[in-house]
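Observations on the three-dimensional arrangement
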Amino acid sequence: MNGPLEQLSGELALRPLIISILDWAAVGLLLYLAFQLIRQTRTVWLIRGFLILSGAFFLSNLLGLTTLNFILDKILIGVAVAVPVIFQPELRRFLEQLGRGEIFTLLKPDRVPDFEKEALDELLDAVQDLSEERIGALIVIEQSPIDDRLLQDPGDTMDAVLSKSLLLTIFYPKTRLHDGAVLVRDWRIQSASVILPMSTQIPARQLGTRHRAAMGITEQTDALCIVVSEETGSISLAERGKLQRPLTVEQLAEALNRRYRRDQPPSVFTIPALSDWTRKLFPASSSQSGNSD
Ligand SMILES: Nc1ncnc2c1ncn2[C@@H]1O[C@H](COP(=O)(O)OP(=O)(O)OP(=O)(O)O)[C@@H](O)[C@H]1O
């Protein structure tokens, strides 16, 4: 039998262990939040670059390669100073979410891009109608946050649920918003009448400014851009400055499904057990953020 003194000392010995576990759990949660925030391809590549540089720095230090070590040291300092500038859009959105008390949306798995089956179906239906009716359209699907400064004009903010009728209404030629592009962010219509940067490439002769704008925005960001030609009704998908065209709606659906369906293989930073756990806690039905529709 343990006396009260032994019991107390046992409890005291247990306390640091519990605090350590809590400490590590908090660090784990923090890392998970950071991974959720930086999962976008562009950011992942930047971080890989940074890790490679850091690895080279430590290796050069270990091997006594003083000149290389000196240069890498300066580069790393430069990179550290540039980080807030490079990640400005991500940091801004993170702080905005924190300020709005939406911290729990960061815990949801597959947050960026947050696939919404209905939204994708609505989008494809709209593209089909736009193409059949030969209504020109330009739809940018954001992947990682697009810096407003890249846009010639950020257009009119909408923050509305993405629906076929709304897209058709926006692009209908007689409306005020039909000129320019629609920006889709987190599967909501973020803004309309957006003027995109133009590509400096010369596209095929029959393609005009709408297609060049699609190439322009996808050259400078990892966004995807759908173009419906007013002249021919043909559908194109721009990615990394290249146009795939002409596509049928089925081919477009296949290309988008490959990227956004939930059954796609997990990305580098998805932690399966945690993802399952957070999916149970935050089911997809509650995943839309934003206010007015
Ligand atoms: N930089 C831009 N950003 C957003 N939209 C643009 C931009 N430039 C042009 N557009 C849209 O494209 C329309 C003009 O399309 P234009 O006929 O020049 O292009 P196109 O590539 O030939 O397309 P289409 O086959 O539909 O005629 C504009 O009315 C405008 O809505």
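Structure: see above.
Now for a look at the structure at hand.

How each quantity is defined
All residue numbers refer to positions counted from 1 along the written sequence of the respective chain. With the structure being a predicted model, the display of local features is reserved for residues of pLDDT at least 70 and the display and counting of side-chain atom pairs for 80 or more, all residues being used for whole-chain, interface and lining totals. Contact assignment follows one rule, namely that a residue is near a molecule or strand if its backbone-placed C-beta atom lies within 6 Å of it. For the purposes of this entry, the term helix denotes a DSSP run of H or I that reaches at least four residues, the term strand denotes a run of E that reaches at least two, and both are numbered from the N terminus. Note on residue classes: Ala, Val, Leu, Ile, Met, Phe, Trp, Tyr, Cys and Pro are nonpolar, Asp, Glu, Lys and Arg are charged, and everything else, Gly too, is polar. For this analysis, nonpolar core means a set of buried Ala, Val, Leu, Ile, Met, Phe, Trp, Tyr and Cys residues linked through C-beta atoms within 7 Å. Buried residues are those with 20 or more other C-beta atoms within 10 Å of their own C-beta, exposed residues have 12 or fewer, and partly exposed residues lie in between; C-beta atoms are placed from the backbone. We call two residues in contact when their backbone-placed C-beta atoms lie within 7 Å. If DSSP finds at least two bridges between two strands, the strands pair.

Structural notes on the site of the ligand
Taken together, the neighbourhood of the ligand is formed by 17 residues, with G208, R210, A213, S229 and E230 sitting nearest. By residue number, the principal contributor to the shell around the ligand is helix 7 (residues 209-220), which donates 4 residues. Tallied by class, the residues present in the shell around the ligand amount to 7 nonpolar, 6 polar and 4 charged.

Observations concerning the nonpolar core
Judged by nonpolar contacts, the single largest core of 43 residues is most densely connected at I139, V140, A181, V182, V184, A214 and C225. Residue contributions to this core peak at 6 residues, all from helix 5 (residues 117-132). Not counting chain neighbours up to four residues away, the residues in contact with C225 comprise L138, I139, V140, A214, I217, T218 and A238.

With respect to the pairing of strand 1 (residues 137-141)
The buried count for strand 1 comes to 5 of 5 residues, which makes it a mostly enclosed element. Residues A137, I139 and I141 line one face of strand 1 and the alternating positions L138 and V140 line the opposite face, and both faces are buried. Pairing analysis gives 5 bridges linking strand 1 to strand 5 (residues 224-228), with the strands arranged antiparallel. Bridge assignment links A137 to a residue of strand 5, and that residue is V228. Across 3 bridges, strand 1 lies against strand 3 (residues 181-185) in parallel orientation.

Here we look at the pairing of strand 6 (residues 235-239)
The buried count for strand 6 comes to 4 of 5 residues, which makes it a mostly enclosed element. Judged from the 5 bridges that link them, strand 5 and strand 6 form a sheet pairing that is antiparallel. Looking at the pairing, V228 lines up with I235 of strand 6. Between strand 5 and strand 6, which pair antiparallel one after the other, the connecting turn spans 6 residues, and G233 there sits at a positive phi close to 80 degrees. Pairing between strand 6 and strand 7 (residues 242-247): 4 bridges, direction antiparallel. The partner of A238 across the bridge, within strand 7, is L243. Between the end of strand 6 and the start of strand 7, which pair antiparallel, lie 2 residues, with R240 showing a positive phi angle near 50 degrees.

Geometry only, nothing functional implied.
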